[in-house]
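Chain and residue survey
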Amino acid sequence: MAEKAGDSAVTSDKPEGKDGSHDHEHHHHHHHHRNLHATQTGKGSEAPGRRVLIGVDGSEYSNYALEWYLDHVWHHEDYVVLLNCPEVDDPMRHNAFQFDREKLSTMMKEEQDELHKLLEKYRDKLLTLGAHGKVRAVATKHVGHALVRVQEEEEAEFIVMGSRGKGTLRRTFMGSVSDYVVHHAHVPVLVCRNPANAHGGKRTSKTHSHAATS
Amino acid sequence: MAETRNVVIAMDESEFANFGFEYYMNNVHKPNDHVVLLHVPEYHTVIQSPMVMTDVSVVTDLLQDEEKRIKAFLEQLGTKLKSHGIGGKVKSVGGNAGEVICKVANEEKANLIVIGSRGMGTIRRTLLGSVSDYVMHHAHVPVLVCKRQEHPHHK
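Residues numbered from 1 in each chain as written. Chains lettered and ligands numbered in written order. Predicted model: local features only at pLDDT ≥ 70, side-chain atom pairs only at ≥ 80, totals over all residues. Heavy atoms only, no water.

**Quick notes on the overall build of chain B**
Scanning chain B for helices and strands turns up six helices and five strands. Each helix and strand of chain B, placed in order from N terminus to C terminus, yields the pattern β-α-β-α-α-β-α-β-α-α-β. Residues classed as buried in chain B amount to 45% of the 155 residues present. Put simply, of all contacts in chain B between residues at least 6 apart along the chain, 74% involve residues at least 24 apart. Surface summary for chain B: the accessible area is close to 7,900 Å², and the carbon and sulfur share equals 56%. (Helix = DSSP H or I, 4+ residues; strand = E, 2+ residues; numbered from the N terminus. Buried < 20%, exposed > 50% of the residue type's maximum accessible area, 1.4 Å probe, protein only. Contact = heavy atoms within 4.5 Å. Areas by Shrake-Rupley, 256 points an atom, 1.4 Å probe, with all protein chains shown as cover.)

If you want it as structure tokens, here you go:
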């Protein structure tokens with residue numbers, strides 16, 4: 001990895017155990033979140049400013065959210081945590097009849113490399129700006145829950161995210177993650193809708209009552 | 001960048017909306033921002049009153065009371081802008097809150113919408129509808145949904 005000017009430390013977190021937090025509204029979920037990677041930039045957690053969590057997945061939506069935050073809200077002293085939740089699918093699922101060990105391990109390595117490339121891209125972005133922060137990757141099936149959990153861990157004051165993600169996999173139908181986070185996070189959430197996709201209102205409106213704020 | 005940004009902040013008399021306003025002021029506001037405090041009046045008292053059908057003069061009185069309350073609130077909002085030294089305006093537009101907020105945001109060419117959140121549970125949101133939900137899914141610009149750190153047992 002090419003090191004640019006500015007501090008950068010790479011750490012690999014130990015895999016974490018079961019997350020036992022409860023959500024009073026739903027039947028109880030126990031979500032497993034496995035830490036994959038963490039990189040710090042700038043002063044790291046020593047940074048005196050606001051702590052902000054930004055969900056990133058390489059999609060244009062989250063890129064837009066990150067850019068918007070940097071253009072409109074970011075202060076130089078902010079401690080920015082970029083969280084990526086990659087799809088670390090079990091390759092066996094797609095290739096149940098593929099018993100070629102070599103092929104499988106190549107696939108897994110390719111996935112790892114792609115993930116690292118993505119995380120490096122984000123790290124470099126922070127470094128270029130001279131931003132203090134951290135890039136984290138957490139493997140999980142429930143991205144929304146991971147975001148809320150990491151917000152609590154990192155004690156972030158607010159969360160920034162796109163209105164949708166890549167939406168390529170079953171687990172995240174369009175907009176479900178931002179929905180979840182807005183309703184479960186205990187801090188403000190900035191949901192950035194990409195103007196290029198302004199007509200993507202995928203939901204039919206519910207009957208809305210006469211409440212001024214919810 | 002010293003460009004002017006247009007910000008629409010949905011306001012009602014609740015502490016949640018006020019929290020949204022304060023949060024925006026403390027964390028996002030820039031001196032050049034043009035802020036629209038948007039109130040979507042709801043004639044709760046009148047609509048929910050059991051006497052609506054019977055006595056016209058009672059309805060009129062209720063409506064007038066409501067009008068007075070709204071007027072007072074809008075003046076409060078105006079004072080808020082002034083005391084914070086914000087360039088902007090106060091708007092009151094009737095209708096379905098979510099739709100109105102999105103419509104006004106378009107008209108005002110907003111760069112950002114700020115809205116408070118009561119943090120209603122799933123069932124209440126389904127039954128009553130949620131304005132912040134609607135705005136989040138229909139706005140063409142970033143939406144800052146402000147929920148504050150709650151005590152866990154207040155859910």
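**What about the confidence of the model for chain A?**
Residues and elements named next belong to chain A. Considering every residue of chain A, the mean pLDDT works out to 75; 66% of them sit at 70 or more. Across chain A, element-level confidence peaks in strand β5 (residues 51–55) with a mean pLDDT of 96 and bottoms out in strand β2 (residues 18–19) with 40. Contacts from residues 1–27, a stretch scored under 50 in pLDDT, to residues over four places away or in other chains number 60 contacts. (pLDDT = per-residue confidence, 0-100.)

**Quick word on unusual backbone geometry**
Even without glycine at this site, A:E155 takes up a positive phi of about 55 degrees. Among the structural elements, A:E155 can be located in the loop between α4 (143–154) and β8 (158–162). For B:K109, which is not glycine, the phi dihedral falls at a positive 50 degrees. Given the relative accessible area of 62%, B:K109 is considered exposed.

**Thoughts on the pattern of salt bridges**
Between side chains of opposite charge, pairing is possible as soon as their charged atoms come close. Following the criterion strictly, the structure yields 18 salt bridges over all chains and no others. For the salt bridge of A:K109 with A:D113, the shortest nitrogen-to-oxygen distance reads 3.0 Å. Of the two residues, A:K109 and A:D113 are both situated in helix α3 (residues 101–129); the distance of four residues between them amounts to about one turn of the helix. Of the charged contacts, one joins B:K71 and B:E75 as a salt bridge, the two residues approaching to 3.5 Å between their closest N and O atoms. Taken together, the residues B:K71 and B:E75, both in helix α3 (residues 56–83) and four residues apart, mark about one turn of the helix. Both residues of the pair, B:K71 and B:E75, count as exposed. Where salt bridges share partners, they join A:R51, A:K134, A:R136, A:R149, A:E153 and A:E154 into one cluster. (Salt bridge = Lys/Arg side-chain N within 4 Å of Asp/Glu carboxyl O.)

**Considerations on the packing of helix α4 (residues 97–107) of chain B against helix α6 (residues 131–138) of chain B**
All names here are of chain B. Across the interface, α4 lies against α6 with an axial gap of 8 Å and an inter-helix angle of 40 degrees. The element α4 and its partner α6 pack so that their crossing is right-handed. Contacts from A97, G98, E99, I101 and C102 of α4 reach α6 at V131, Y134, V135 and H138. Residue classes in the contact of α4 with α6 are distributed as six nonpolar, two polar and one charged. (Axes fitted to C-alpha atoms, helices over the stretch in contact; angles between N-to-C directions. Left-handed = near helix turned anticlockwise from the far one by under 90°. Nonpolar A, V, L, I, M, F, W, Y, C, P; charged D, E, K, R; others polar.)

**Digging into the packing of aromatic side chains**
Counted under the stated rule, the structure contains three aromatic pairs over all chains. Relative to B:Y23, the ring of A:F158 lies with its centre 6.1 Å away and its plane at 85 degrees, an arrangement referred to as edge-to-face. Residue A:F158 is located in strand β8, and its partner B:Y23 is located in helix α1 (residues 15–27); the two belong to separate chains. For the pair A:F158 and B:Y23, a shared accessibility class is recorded, and that class is buried. Pairing B:F19 with B:Y23 gives two aromatic rings, centres 5.9 Å apart and planes at 45 degrees, and the pair type is tilted. Residue B:F19 and its partner B:Y23 are located together in helix α1, separated by four residues, close to a single helical turn. One aromatic cluster is present, built from ring pairs that chain together A:Y69, A:F158, B:F19 and B:Y23. When the ring centre of A:Y122 is taken as reference, the NZ or CZ atom of A:K121 above it lies at 5.4 Å. (Phe/Tyr/Trp six-rings, centres within 6.5 Å; stacked < 30°, edge-to-face > 60°. Lys NZ or Arg CZ within 6 Å of the ring centre and 35° of its normal.)

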